[in-house]
Amino acid sequence: CKISVSKLLLDFANPIFYDLFLEYNGDNGQQYLWAVPVLNLNLQYSEMFVNQGSSMNNWLLTRRFFLVDTLSGKENDLGKLPRVIRIASKIKISIRLVSRTQRGTIYPPLLTIAYTDVLVQNPETQSVMVSFSVNYEMNQSEAQIQTDITLGVLGGLAVLWSLLKTAGWKRRTGSSIIDLQTVFKFLLFYAGDLANVFFVITVSTGIYWLVFFKAQQFVSVLLPLPSQEEDFVTYIACAFSLKALQFLQLLVSQLTIDIFFIDWERPKGKVLKAVEGEGVIKSAAAPVSIWRTYFIANEWNEIQTVRKINPLFQVLAVLFFLEVVGFSNLALMDSSSSLTRSSESYIAPWSRILRFGVSAALWLAIAFLQIIFFSVFYERFVEDKISQFVDLCCMSNISVFLLSHSCFGYYIHGRSVHGHADTNMEEMNMNLKREAENLCSQRGLLPNTDGQTFQISISRKMRLHYDRIHETLTRKRGPARLLDSTANTFEQSTRAYNTMNKFLSSFIDHVHKEMDYIVKDKLLLERILGMEFMEPIEKSIFYNDEGHSFSDVLYYGNETTLLIFDILFFSIVDLASQSFVLAAILTYLQQEIFKFIRNTLGQKNLASKTLVDERFLI
């Protein structure tokens, strides 16, 4: 607080010396006094400020102190104002808790005082700043050691897990050479896994202090001081930086996938067509409508950024519980668990550990409830966009061929069991009725099965053949003179599209015996590790996938990564600004910005890889 110099001169005409004692009851109920030692920071010994060092062995503790000395600074005449007054500008009582205590046992308190000399010039306008504080602290070395051990163990496990991911990635890229790209990919995997380690440690630490400090009946733990929170803040910063790196890598990988829509529809009959330049009319196969492909492309474009939680509701709900309900009051450095505080009562300072613990716990709890509601109720009774997309592919007679790696990807079998889908409403309803009454074959890729989604591991020969057609499809190859003509370019692209469609449909129909495939189930260990043990040398392998894991190339299949990134972004902004409102606003803004980037660039990649005109993607 700020105190006027004139008030000090009036209230402290003569210095008063104090001896501080602690009154306590002994085991026999008798009252005792304990003399509290004083650490005077201005004390000099051999022309050295011995009490300002960090080494307790050099301290010289005393018993007596004063608050204001207005007498020693008077010169010649005691009736005049002093030239200098000395005040105790900083008084701090340090109370240290005994380790492993269950009943709040403390060591003798320590009174630390710093004095300041004030030159008296105009007492009526002059003022001085003074402070008084009580610090409650405990030895945090044991907690730090446990944190370091946990970080070391989990960090080592993260290395092993990242090595497994890298081995799986090498298998999926069809390469066995350890090169610079392999090392770089390992570092990216390790960054994501290490971010999860830091996140688990920080969240566990924050919730631990929140629960054990606020819920204790007898004092057994005390919060770390602000200076002891630096390592914790560093862990959060490391977690955010590494998770941001993983998120950006995820974004790039999703924006560069190879995708193609296989149209199974065949021409119905023939039409008469005039041949340009020859003046004759010839019969030709009736053209197949492209609108079904455009329709599936639009549906795929819409589900690219679908998430298992509602981001806006998530941010608003967290902010509501923090600021309106009053959960933010749990982050104050006092023992009260009340969610409401009187504006007239003393408000303790914020604890950064508790702020992170409260906000992270709310984020995780609300997200968990959202995911449970989404998977148990919403997807079952309202709509399941992922399953609906698979059904829509079957009704449209369109299959989806996805390659997320060089030799690995996903296949959605959308071949219609009715032979064609380009029909009128009456026939469409009849087809649905026949399917509902089991009057037609099942939708699965294999006879008498319902399996429509697969993880695919393709051979190098298959990938090379795909790339040769794909290079023409994306117009990366070809004489420059051909590319000068818009008409030639369009014809070349259309021919490449038809070639790719014919090749992939014939591949699915086992036409190419030198590039055939087999269908099998994944082993349990393969599912757990997220990798494939068999290498597709001669034949490609289609793994049955009932879990619709093709969502891994969408936001939907990466909810954990997105959620942790949002939590860490919110926490970093809050720790920097000490404002939950600002953190919520910026978190929602970054969600919308990255969603816009993912939608825009994902749409361009979709148009480029499938030859669907971007003007038809709405």
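Parameters and conventions
- Residues numbered from 1 in each chain as written.
- Predicted model: local features only at pLDDT ≥ 70, side-chain atom pairs only at ≥ 80, totals over all residues.
- Heavy atoms only, no water.
- Helix = DSSP H or I, 4+ residues; strand = E, 2+ residues; numbered from the N terminus.
- Contact = heavy atoms within 4.5 Å.
- Domains from an automatic or database assignment.
- Buried < 20%, exposed > 50% of the residue type's maximum accessible area, 1.4 Å probe, protein only.
- Axes fitted to C-alpha atoms, helices over the stretch in contact; angles between N-to-C directions.
- Parallel < 35°, antiparallel > 145°, perpendicular 65-115°, else oblique.
- Left-handed = near helix turned anticlockwise from the far one by under 90°.
- Nonpolar A, V, L, I, M, F, W, Y, C, P; charged D, E, K, R; others polar.
- Expected span 1.5 Å × (residues − 1).
- Pairing = 2+ DSSP bridges.
- pLDDT = per-residue confidence, 0-100.
- UniProt positions renumbered as here; feature names shortened; annotations may be inferred.
- Polar contact = N/O pair within 3.5 Å; in protein donor to acceptor, adjacent residues only side chain to side chain.
- Salt bridge = Lys/Arg side-chain N within 4 Å of Asp/Glu carboxyl O.
- Core = buried A, V, L, I, M, F, W, Y, C linked by side-chain atoms within 4.5 Å.

As recorded by an unreviewed UniProt entry, the chain carries the name MKS3 protein and is attributed to Balaeniceps rex.

Novice: How should unusual backbone geometry be read in this particular structure?
Specialist: Leave glycine aside and you will find that most residues have negative phi; peptide bonds, for their part, are mostly trans. One non-glycine residue, S46, adopts positive backbone phi at about 55°. Along the polypeptide, S46 turns up in the loop between β6 (44-45) and β7 (48-49). A positive phi angle, close to 65°, is found at N397, a residue other than glycine.

Novice: Explanation requested: the environment of Y107 in the structure shown.
Specialist: When you line up the elements, Y107 lands in the loop between β10 (84-97) and β11 (110-119). Along the sequence, Y107 and F389 sit 282 residues apart, while their C-alpha atoms lie 67 Å from each other. Residues within four places of Y107 in sequence aside, it is in contact with R96, L97 and V98.

Novice: Is there a simple way to explain the domain arrangement of the chain in this structure?
Specialist: As a measure of interface size, the accessible area lost when the parts come together is often cited. Each assigned domain of the chain is listed here: domain 1 (2-137) and domain 2 (392-476 + 489-553). Between domain 1 and domain 2, the C-alpha centre-to-centre distance is 80 Å.

Novice: Honestly, the side chain of N431 in this entry has me stumped. Any pointers?
Specialist: When you line up the elements, N431 lands in helix α9 (residues 425-436). Classification of N431 as buried rests on a relative accessible area of 6%. The residues contacting N431, other than those within four sequence positions of it, are H418 and H420.

Novice: Help me understand the packing of helix α14 (residues 559-577) against helix α15 (residues 580-610) in this model?
Specialist: Their axes nearest at 8 Å, the elements α14 and α15 cross at an angle of 140°. Here α15 runs oblique to α14, going by the angle between their axes. Between α14 and α15 lies a crossing of right-handed hand. Seen from α14, the contacting residues are F565, D566, F569, F570, V573, D574 and S577; seen from α15, they are F580, L582, A583, A584, L586, T587, Q590, Q591 and F594. Split by residue class, the contact of α14 with α15 holds 10 nonpolar, 4 polar and 2 charged.

Novice: Is there a simple way to think about α9 in this case?
Specialist: Helical geometry: 3.6 residues make up each α-helical turn, so side chains three or four residues apart lie on a common side. With 12 residues, α9 extends 16 Å from end C-alpha to end C-alpha; this agrees with the ideal 16 Å at 1.5 Å per step. Positive phi appears at N438, one or two residues downstream of α9, with a value of about 55°.

Novice: Explain the sheet that holds strand β21 (residues 540-544) to me, please; I cannot follow it from the model alone.
Specialist: Picture the strands of a sheet paired through backbone hydrogen bonds; they go either parallel or antiparallel. Taken in spatial order, the 6 strands of this open sheet run β14-β17-β18-β19-β21-β20, and their pairing is mixed. Strand pairing shows two members of the sheet lacking a second neighbour, β14 (258-263) and β20 (517-520), which therefore form its edges. Pairwise comparison of adjacent strand axes, ignoring direction, gives a mean angle of 20° for this sheet. Strand direction decides the pairing type here: strand β19 (residues 453-457) and β21, joined by 4 bridges, are antiparallel. Along β21, the bridge assignment pairs S457 with I541.

Novice: Even after reading the chapter, I still don't get the packing of helix α7 (residues 352-382) against α14, so can you show me in this structure?
Specialist: In helix packing, the relevant descriptors are the interaxial angle and the interaxial distance, both defined with respect to the helix axes. Packing of α7 against α14 leaves a shortest axis separation of 10 Å and a crossing angle of 150°. Here α7 lies roughly antiparallel to α14, going by the angle between them. The element α7 and its partner α14 pack so that their crossing is right-handed. Of the residues in α14, those in contact with R352, R355, F356, S359, A360, W363, L364, A367 and I371 of α7 are E559, L563, D566, I567, F570, S571, D574 and L575. In terms of residue class, the contact of α7 with α14 is built from 10 nonpolar, 2 polar and 5 charged.

Novice: Looking at this structure, I do not really get the pairing of strand β3 (residues 21-25). What am I missing?
Specialist: Side-chain direction in a regular strand flips from residue to residue, so the side chains alternate between the two faces of the sheet. When β3 meets strand β4 (residues 31-35), the two strands line up antiparallel, connected through 5 bridges. Bridging across to β4, F21 finds its partner in A35. Turn length for the β3-β4 hairpin, with the two strands adjacent in sequence and antiparallel, is 5 residues, and the turn residue G29 shows positive phi of about 85°.

Novice: Would you explain the confidence of the model for the chain in this entry?
Specialist: Low-pLDDT portions of the prediction should not be read for the details of their coordinates. Per-residue pLDDT for the chain averages 89, and the proportion of residues at 70 or more is 95%. Per-element averaging of pLDDT across the chain places helix α11 (residues 480-483) at the bottom with 44 and α14 at the top with 96. A low-confidence stretch, residues 476-484 stays under pLDDT 50, and its non-local contacts, those more than four residues away or across chains, total 10 contacts.

Novice: Would you mind going over the UniProt feature "transmembrane region" (unreviewed entry) in the chain with me for this structure?
Specialist: Following the UniProt record, one finds the feature "transmembrane region" (unreviewed entry) at residues 187-212, 312-333, 353-377 and 562-589. Secondary structure across residues 187-212 divides into 100% helix and 0% strand, with the first and last C-alpha atoms of the span separated by 37 Å. From the first C-alpha to the last, residues 562-589 spans 14 Å; its make-up is 93% helix and 0% strand.

Novice: For this particular structure, what's the right way to read the environment of T610?
Specialist: By the element assignment, T610 lies in helix α15. As a C-alpha pair, T610 and Q304 span 306 residues in sequence and 15 Å in three-dimensional space. Of the polar contacts made by the side chain of T610, one reaches the backbone oxygen of L606; its length is 2.5 Å.

Novice: Would you mind showing me how to read the pattern of salt bridges here?
Specialist: Opposite charge on two side chains allows them to pair when their charged atoms are near. One pass over the full model with this rule turns up 23 salt bridges. A salt bridge links D117 to R86; the shortest N-O distance between them is 2.6 Å. One end of the pair, D117, is in strand β11; the other, R86, is in strand β10, and 31 residues separate them in sequence. Relative accessible area serves as the criterion here: at 39%, R86 is assigned to the partly exposed category. D467 serves as the salt-bridge partner of R463, at 3.1 Å between the closest nitrogen and oxygen. With R463 and D467 both in helix α10 (residues 460-473), this residue pair falls 4 residues apart, about one helical turn. Through salt bridges with shared partners, a single ionic network connects D258, R463, D467 and K609.

Novice: Would you explain the side chain of Q254 in this entry?
Specialist: Mapped onto the elements, Q254 comes out in helix α4 (residues 230-254). In this structure Q254 comes out as buried when scored by relative accessible area, which is 3%. A distance of 2.8 Å separates polar atoms of two side chains, one belonging to Q254 and the other to R598. Beyond its immediate chain neighbours, meaning those up to four positions away, Q254 contacts D552, V553, L554, Y555, N558 and R598.

Novice: Got a minute to help me understand the nonpolar core in this structure?
Specialist: Nonpolar side chains in soluble globular proteins tend to end up buried together. If you look at the biggest cluster of nonpolar residues, it comprises 56 residues, and the most contacted ones within it are W209, L322, W363 and F570. Secondary structure elements with two or more residues in this core: α2 (141-173), α3 (180-215), α4, α6 (311-325), α7, α14 and α15. Excluding its chain neighbours within four sequence positions, the residues that come into contact with F570 are V318, L322, S359, W363, F580, A583, A584 and T587. Judged by nonpolar contacts, the second largest core, of 28 residues, contains V306, V390, C393 and Y410.

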